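Observations on chain architecture
What follows is the residue order along each chain.
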Amino acid sequence: MNRISLIGLLGLLGLLGLPLNNPGFYGFFGFFGFFAFRNILPDERLQLNVNKAARNAFFTGIVLFPVIVIWGALSTFSQAYAAGFAINFAIQIVVFTWSLTRYEQDGEDS
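Given the structure is predicted, the values throughout are model-derived calculations rather than measurements.

Once that is clear, we can look at the overall build of the chain. Helix and strand content of the chain: three helices and zero strands. Taken from N to C terminus, the helices and strands of the chain fall in the order α-α-α. With respect to the three principal axes, the spread of C-alpha positions in the chain is 50 × 35 × 15 Å. Counting only residues that meet the buried cut, the chain has 25% of its 110 residues in that class. A separation of at least 24 residues holds for 65% of the contacts in the chain among residues at least 6 apart in sequence. In the chain, the 6 positive side-chain charges and the 6 negative ones have mean positions that sit 6 Å from each other.

This brings us to unusual backbone geometry. For N21, which is not a glycine, the phi torsion comes out positive at approximately 55°. Inspection of the secondary structure assignment puts N21 in the loop between α1 (17–20) and α2 (44–74).

Counted under the stated rule, the structure contains 12 aromatic pairs. For the pair F28 and F31, a centre-to-centre distance of 6.0 Å together with 25° between the ring planes defines the contact as stacked. Owing to a relative accessible area of 7%, F31 belongs among the buried residues under this scheme. For the pair F34 and F96, a centre-to-centre distance of 6.2 Å together with 25° between the ring planes defines the contact as stacked. Here F34, found in the loop between α1 and α2, pairs with F96, found in helix α3 (residues 80–106); they are 62 residues apart in sequence, far enough to count as distant. By the burial criterion, F34 is buried, and F96 matches it. Taken together, F25, F28, F31, F34, F37 and F96 form an aromatic cluster joined through their ring pairs. The ring centre of Y103 lies 4.4 Å from the NZ or CZ of K52, which sits over that ring.

Conventions and cut-offs
Residues numbered from 1 in each chain as written. Predicted model: local features only at pLDDT ≥ 70, side-chain atom pairs only at ≥ 80, totals over all residues. Heavy atoms only, no water. Helix = DSSP H or I, 4+ residues; strand = E, 2+ residues; numbered from the N terminus. Buried < 20%, exposed > 50% of the residue type's maximum accessible area, 1.4 Å probe, protein only. Contact = heavy atoms within 4.5 Å. Lys, Arg positive; Asp, Glu negative; His and termini not counted. Charge placed at Lys NZ, Arg CZ, Asp CG, Glu CD. Phe/Tyr/Trp six-rings, centres within 6.5 Å; stacked < 30°, edge-to-face > 60°. Lys NZ or Arg CZ within 6 Å of the ring centre and 35° of its normal.

Below is the structure:
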């Protein structure tokens, strides 16, 4: 079994949106897509691709974080920091997922 597919269990957090009447939890349903990785052989290439995808997501967050802090400091929007950090988290997850999918489809090691 490929351990990266266990990230799909975070999709269960989306179910909290129903009893709490909070649609903000519905975004967690996107994590169910990681269950697709359970059939991929966890070899060295996958490990390299996960590392490259994590690097992409990390540097995306590093670039976005100061932008969000400056926006929050200059904004009159009371929830600027909360919204900014949620958007930053979501973008990092999207970058990681997109990068990993692209690296796995390309079959490249570079």
